[in-house]
Amino acid sequence: ESDRCDLKPGLYVYAAQLWSLIGLKTETKIVYKVAHSQDKEMLPDDISEALITQVSREGKSKPNAINLIKNITPVMTAYSQCDRYLEESFDRAASEFETENNNRCDIQQQSAQDYANRRKQELEERIAKFKAENHLQMIPATEGLLNKVNRELEIKKRAIAAKREVNLDLVQLAAGIIFVK
């Protein structure tokens, strides 16, 4: 194993979390962090993910692994470090997601408003033309279309406002120890 991931031998600790970020769009991802239990060196995110993937496919389970560890304190310290790193990363990702979500909502709202304004202008011009040509029987139907544009805009605005509220969720999926020879 250590040859393929280029790791020094020893005990490694990992933490895995599931992140769900839901707003105008939805992002769901599993994130990993691995640290060496003795020197507390954390592996880069991509190496952490690759190691966990490799170990889940090719690793061998060690029942009662706790009995193979002489001093659990460094292991727990490394786990806390991994967990804290992932939680701080989640906070950053959540902040970026909220900012991006607000920007997307602003763009959608402006687009809906622009469309409604163009449509209203067309209908108001049509009403003015009907009045000028004395086609008064067409005005109520066109006014109905104008009211429909206003109702649809309000519905779109409410839907966008609901999507401004983001739902952020972090679930601890797994934690464990990897023995690298």
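Structure: see above.
The rules behind each value
- Residues numbered from 1 in each chain as written.
- Predicted model: local features only at pLDDT ≥ 70, side-chain atom pairs only at ≥ 80, totals over all residues.
- Heavy atoms only, no water.
- Helix = DSSP H or I, 4+ residues; strand = E, 2+ residues; numbered from the N terminus.
- Rg over C-alpha atoms; globule rule 2.2 N^0.38 Å.
- 1 Å grid on protein atoms, 1.4 Å probe; cavity = no way out; pocket = protein on both sides within 12 Å on 5 of 7 lines; lining within 4 Å.
- Points joined across faces, edges and corners; volume = space filled by probe spheres on them.
- Phe/Tyr/Trp six-rings, centres within 6.5 Å; stacked < 30°, edge-to-face > 60°.
- Buried < 20%, exposed > 50% of the residue type's maximum accessible area, 1.4 Å probe, protein only.
- Lys NZ or Arg CZ within 6 Å of the ring centre and 35° of its normal.
- Pairing = 2+ DSSP bridges.
- Axes fitted to C-alpha atoms, helices over the stretch in contact; angles between N-to-C directions.
- Contact = heavy atoms within 4.5 Å.
- Nonpolar A, V, L, I, M, F, W, Y, C, P; charged D, E, K, R; others polar.
- Patch = residues over 30% accessible without salt bridge, like charges linked within 9 Å, V, L, I, M, F, W, Y side chains within 5 Å.
- Areas by Shrake-Rupley, 256 points an atom, 1.4 Å probe, with all protein chains shown as cover.
- Salt bridge = Lys/Arg side-chain N within 4 Å of Asp/Glu carboxyl O.

J.: Explanation requested: the overall build of the protein chain in the structure shown.
T.: Looking only at helices and strands, the protein chain has 4 helices and 3 strands in total. For the protein chain, the N- to C-terminal ordering of α and β elements is α-β-β-α-α-α-β. Computed over C-alpha atoms, the radius of gyration of the protein chain comes to 29 Å, more than 25% over the 16 Å expected from 2.2 N^0.38 for 181 residues, which places it beyond the range of a compact globule. Along the first, second and third principal axes, the C-alpha atoms of the protein chain reach 95 × 25 × 25 Å.

J.: Help me understand empty space enclosed by the protein in this model?
T.: Any empty space left between atoms is shown by rolling a water-sized probe over those atoms. Applying the stated rule across the entire model yields 1 cavity of 30 Å³ or more. For the largest cavity, the calculated volume is near 50 Å³. Residue lining of the largest cavity: Ala112, Tyr115, Ala116, Val149, Glu152, Leu153 and Lys156, and that is the complete set. The set of elements that each furnish at least two residues to the lining of the largest cavity consists of helix H3 (72-132) and helix H4 (139-164).

J.: What should I look at first to understand the packing of aromatic side chains in this one?
T.: Note on aromatic pairs: each is described by the distance of the centres and the angle between the planes. For the structure on display, the rule yields 1 aromatic pair. Aromatic side chains Trp19 and Phe90 sit 5.4 Å apart centroid to centroid with 70° between the ring planes, which places their arrangement in the edge-to-face category. Highlighted residues: Trp19 in strand E1 (residues 10-22) and Phe90 in helix H3, separated in sequence by 71 residues. Here the two residues Trp19 and Phe90 agree in accessibility, since each one is buried. When the ring centre of Tyr85 is taken as reference, the NZ or CZ atom of Lys33 above it lies at 4.1 Å.

J.: Sorry, what's going on with the sheet that holds strand E2 (residues 26-36) here?
T.: Strand-to-strand pairing in sheets goes through backbone hydrogen bonds, with the strands running parallel or antiparallel. Spatial ordering of the open sheet is given by E2-E1-E3, a layout of 3 strands whose pairing is antiparallel. With partners counted over all chains shown, the strands left at the sheet margins are E2 and strand E3 (167-180), one partner each. For this sheet, the mean inter-axis angle between neighbouring strands, taken without regard to orientation, is 15°. This element, helix H2 (residues 45-58), spans E1, E2 and E3 of the sheet and lies at about 85° to E2. Most of the contacts of H3 go to E1, to which it runs at about 25°, and overall it touches E1, E2 and E3.

J.: What is the right way to read the layout of surface pockets from this model?
T.: As a volume, the second largest pocket reaches approximately 180 Å³. Around the second largest pocket, the lining residues are Trp19, Lys29, Ile30, Val31, Tyr32, Asp45, Glu49, Tyr85, Leu86, Ser89, Arg92 and Ala93. The set of elements that each furnish at least two residues to the lining of the second largest pocket consists of E2, H2 and H3. Looking at which element gives the most residues to the lining of the second largest pocket, the answer is H3, with 5 residues. By residue class, the composition of the lining of the second largest pocket is 7 nonpolar, 1 polar and 4 charged.

J.: How do you make sense of a nonpolar patch on the surface when you look at a structure like this?
T.: A cluster of nonpolar residues, Ile30, Val171 and Leu173, forms a patch on the protein surface that exposes about 230 Å² of accessible area. Its place among the elements puts Ile30 in strand E2. Judged by its relative accessible area of 41%, Ile30 is partly exposed.

J.: Even after reading the chapter, I still don't get the environment of Ala50, so can you show me in this structure?
T.: Along the chain, Ala50 turns up in helix H2. On the basis of relative accessible area, Ala50 is assigned to the partly exposed category, the value being 40%. Residues Ala50 and Ala161, 111 residues apart in the sequence, show an inter-C-alpha distance of 39 Å.

These figures come from the coordinates and say nothing about function on their own.
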